[in-house]
Amino acid sequence: QVQLVESGGGLVQAGGSLRLSCAASESIFGMNVAAWYRQAPGKQCEWVAGMIGGRTTNYVDSVKGRFTISRDNAKNTVYLQMDSLKPEDTAVYYCALGRNSWYEYWGQGTQVTVSS
């Protein structure tokens, strides 16, 4: 079982930036899909960003132009760069990876809080 550990969350003012990291316990070279999800208080878990084949990326409309998903296979790490943060971005963010088109491995989450 691949272990994923998210980090980089914290408290930031609206308009600020954070970079989340998702470190894997082993090589992610064979992980074809990667994604970030988030869950705000009292709400359902929401898909935020995804990457297929290490190239194609997609984002939920609310974060397009502000968030960027990337990966560094040499460091066994997936990233989520978050810019121009808004209070509505406040949530626990989860990293997910999979070998094919579904997500087999999930992290424990990291809290992101954006103040107005």
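Taken together, the four strands give an open sheet; going across it, the order is 1-3-8-7, and neighbouring strands pair in antiparallel fashion. The sheet terminates laterally at strand 1 (4-7) and strand 7 (67-72), the two strands that pair on one side only. Averaged over all pairs of adjacent strands, the angle between their axes in this sheet comes to 15°, without regard to strand direction. Pairing of strand 7 with strand 8 (residues 77-82), which is carried by six bridges, proceeds in the antiparallel orientation.

A separate point is the pattern of salt bridges. Within this structure, the stated rule accounts for five salt bridges. Between Asp-89 and Arg-38 there is a salt bridge, with the nearest N and O atoms lying 3.0 Å from each other. With a gap of 51 residues between them, Asp-89 in the loop between strand 8 and strand 9 (91-98) and Arg-38 in strand 4 (residues 33-39) connect regions that are remote in the sequence. There is no split in this pair, since Asp-89 and Arg-38 are both buried. For Arg-66, the salt bridge goes to Asp-89, with nearest N and O atoms at 2.8 Å. With Arg-66 in the loop between strand 6 (56-59) and strand 7 and Asp-89 in the loop between strand 8 and strand 9, this pair connects stretches of sequence that are 23 residues apart. With relative accessibility at 1%, the residue Asp-89 sits in the buried group. Here the salt bridges share partners, and the residues they tie into one network are Arg-38, Glu-46, Arg-66 and Asp-89.

All told, the structure shown has one disulfide when counted by the stated rule. Bridging Cys-22 to Cys-95, the disulfide has an S-S length of 2.2 Å. Because the torsion about its S-S bond is -80°, the bridge between Cys-22 and Cys-95 counts as left-handed. Placement of the pair is Cys-22 in strand 3 (residues 18-24) and Cys-95 in strand 9, with a sequence separation of 73 residues. As far as burial versus exposure is concerned, Cys-22 and Cys-95 are alike and both buried.

What makes Arg-66 buried here is its relative accessible area of 9%. Residues contacting Arg-66, with those up to four places away along its chain left out, are Gln-81, Met-82, Asp-83, Ser-84, Leu-85, Lys-86 and Asp-89. A polar atom in the side chain of Arg-66 sits 2.9 Å from the backbone oxygen of Ser-62.

Scanning the entire structure with this criterion turns up three aromatic pairs. Considering the side-chain rings of Tyr-37 and Tyr-103, the 6.0 Å spacing of their centres and the 85° angle between planes classify their relative orientation as edge-to-face. Residue Tyr-37 is found in strand 4, and its partner Tyr-103 is found in the loop between strand 9 and strand 10 (105-106); the two are separated by 66 residues along the sequence. With relative accessibility at 16%, the residue Tyr-37 sits in the buried group. Measuring from centroid to centroid gives 4.9 Å for Tyr-37 and Trp-106, while their planes differ by 50°, and the two rings are tilted. Here Tyr-37, found in strand 4, pairs with Trp-106, found in strand 10; they are 69 residues apart in sequence, far enough to count as distant. A relative accessible area of 38% means that Trp-106 is categorised as partly exposed.

Cut-offs applied
Each chain carries its own residue numbering, running from 1 in the written order of its sequence. For this predicted model, a pLDDT threshold of at least 70 governs which residues receive local features, and a threshold of 80 or more governs which side-chain atom pairs are given and counted, while totals over whole chains, interfaces and linings are taken from all residues. For side-chain calculations, the full set of non-hydrogen atoms in the structure is used, while hydrogens and water are omitted. At least two DSSP bridges between two strands are required for those strands to pair. A helix here means a DSSP run of H or I that spans at least four residues, while a strand means a run of E at least two residues long, and both kinds are numbered starting from the N terminus. Each axis is a line fitted through C-alpha atoms, and for a helix only the stretch in contact is used; angles between axes span 0 to 180 degrees, taken between their N-to-C directions. Salt bridges are identified by distance alone: a Lys or Arg side-chain nitrogen within 4 Å of an Asp or Glu carboxyl oxygen. For the exposure calls, accessible area comes from a 1.4 Å probe over protein chains only, and a residue counts as buried if that area is under 20% of its type's maximum, exposed if over 50%, partly exposed in between. Throughout, disulfides are identified as pairs of cysteine sulfur atoms within 2.5 Å of each other. The contact rule is simple, with two residues in contact once any of their heavy atoms fall within 4.5 Å. What qualifies as a polar contact is a pair of N or O atoms within 3.5 Å, subject to a donor-acceptor requirement within protein and to the restriction that residues adjacent in sequence count only when both atoms come from side chains. Two rings from Phe, Tyr or Trp (for Trp, the six-membered ring) form a pair when their centres are within 6.5 Å of each other. A pair whose planes differ by under 30 degrees is stacked, one over 60 is edge-to-face, and the rest are tilted.

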